[in-house]
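Below, each chain spelled out in residue letters.
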Amino acid sequence: KYIVKQVKKSEKKRTPAPPFTTSTMQQEASRKLGFTLKKTMSVAQTLYEGVKIPEKGTVGLITYMRTDSTRISTVAREAAREVIEKKYGKNYYENRFYKTNSEAQDAHEGIRPTYANIDPESIKDSLSADQYKLYKLIYNRFLASQMAPAVFNTVAVDIDANDYNFKANGQTLKFKGFMTLYVESL
């Protein structure tokens, strides 16, 4: 005989990861794209130095890629807000500040696109396959870092059966938030 002793329902929020540092970019590029550390840095260097884009000329697409800071400028956060609100709606934007570790060299911002309005799809034809993949990863991670948290409805159930106690947990997605654009690999 099973007896439900307790049902606990709640809401859980999951916040987005901060913009990339050098090491987090290398880790994600390895996990998601299968890039070696050397390949990641080589491709990032080309994105930083500039890519020829029709009607725009040569454009540096990302900020400096050797940084351990997650700090983002006010101008970049505002550009992200405009893109997020236009593409996803006002409820998807959340102005986020990330603290940089006290031991971090904070001379440069976190790795982000230099222009939030240049999305990867719009310049895909100007990029090599590897450049496109890495730029898309950096672009999506940055925009997601400025988005609202994902919200889950959770339920925890305690069930007694004779001398035994069982616990069951579950969750359903209520609001996708930043997960619309980017989910960090585990």
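For the structure itself, look to the data block above.
Residues numbered from 1 in each chain as written. Predicted model: local features only at pLDDT ≥ 70, side-chain atom pairs only at ≥ 80, totals over all residues. Heavy atoms only, no water.

Chemist: So what about unusual backbone geometry? Which residues, and what values?
Modeler: Non-glycine residue Glu-55 carries a positive phi angle of around 70°. Residue position: Glu-55 is located in the loop between strand 2 (51–53) and strand 3 (57–59). Note on Glu-55: relative accessible area 86%, which makes it exposed. In the Ramachandran plot, Asn-162 falls in the positive-phi region, its phi being about 55° despite a non-glycine side chain. Tracing the backbone through its elements, the reader meets Asn-162 in the loop between strand 4 (150–161) and strand 5 (164–175). (Helix = DSSP H or I, 4+ residues; strand = E, 2+ residues; numbered from the N terminus. Buried < 20%, exposed > 50% of the residue type's maximum accessible area, 1.4 Å probe, protein only.)

Chemist: With reference to specific residues and values, describe helix 3 (residues 74–87).
Modeler: With 14 residues, helix 3 should reach 20 Å at 1.5 Å per residue; the first-to-last C-alpha distance of 20 Å fits that figure. Every buried residue of helix 3 is accounted for by Ala-76, Arg-77, Ala-80, Val-83 and Ile-84. Taken end-on, helix 3 shows its buried residues confined to a sector of 125°, consistent with a single buried face. Of the residues in helix 3, the exposed ones pointing more than 90 degrees away from the buried face are Thr-74, Val-75 and Lys-86. For helix 3, the secondary structure elements touched by its buried residues are helix 4 (129–145). (Expected span 1.5 Å × (residues − 1). Arc of directions from axis to C-beta. Contact = heavy atoms within 4.5 Å.)

Chemist: Break down helix 4 for me, citing the residues and quoting the values.
Modeler: The end-to-end C-alpha distance of helix 4, which contains 17 residues, comes to 24 Å, matching closely the 24 Å that a straight helix rising 1.5 Å per residue would cover. With respect to burial, helix 4 is a largely interior element, 13 of its 17 residues being buried.

Chemist: Provide a residue-level description of the pattern of salt bridges, including the pertinent values.
Modeler: Considering all chains together, one arrives at 12 salt bridges under this definition. The salt bridge partner of Lys-5 is Asp-160, with a shortest N-O separation of 3.9 Å. One end of the pair, Lys-5, is in strand 1 (residues 2–14); the other, Asp-160, is in strand 4, and 155 residues separate them in sequence. Under the relative-accessibility criterion, Lys-5 is labelled exposed at 56%. The salt bridge partner of Lys-167 is Asp-158, with a shortest N-O separation of 3.1 Å. Through salt bridges with shared partners, a single ionic network connects Glu-28, Arg-31 and Lys-32. (Salt bridge = Lys/Arg side-chain N within 4 Å of Asp/Glu carboxyl O.)

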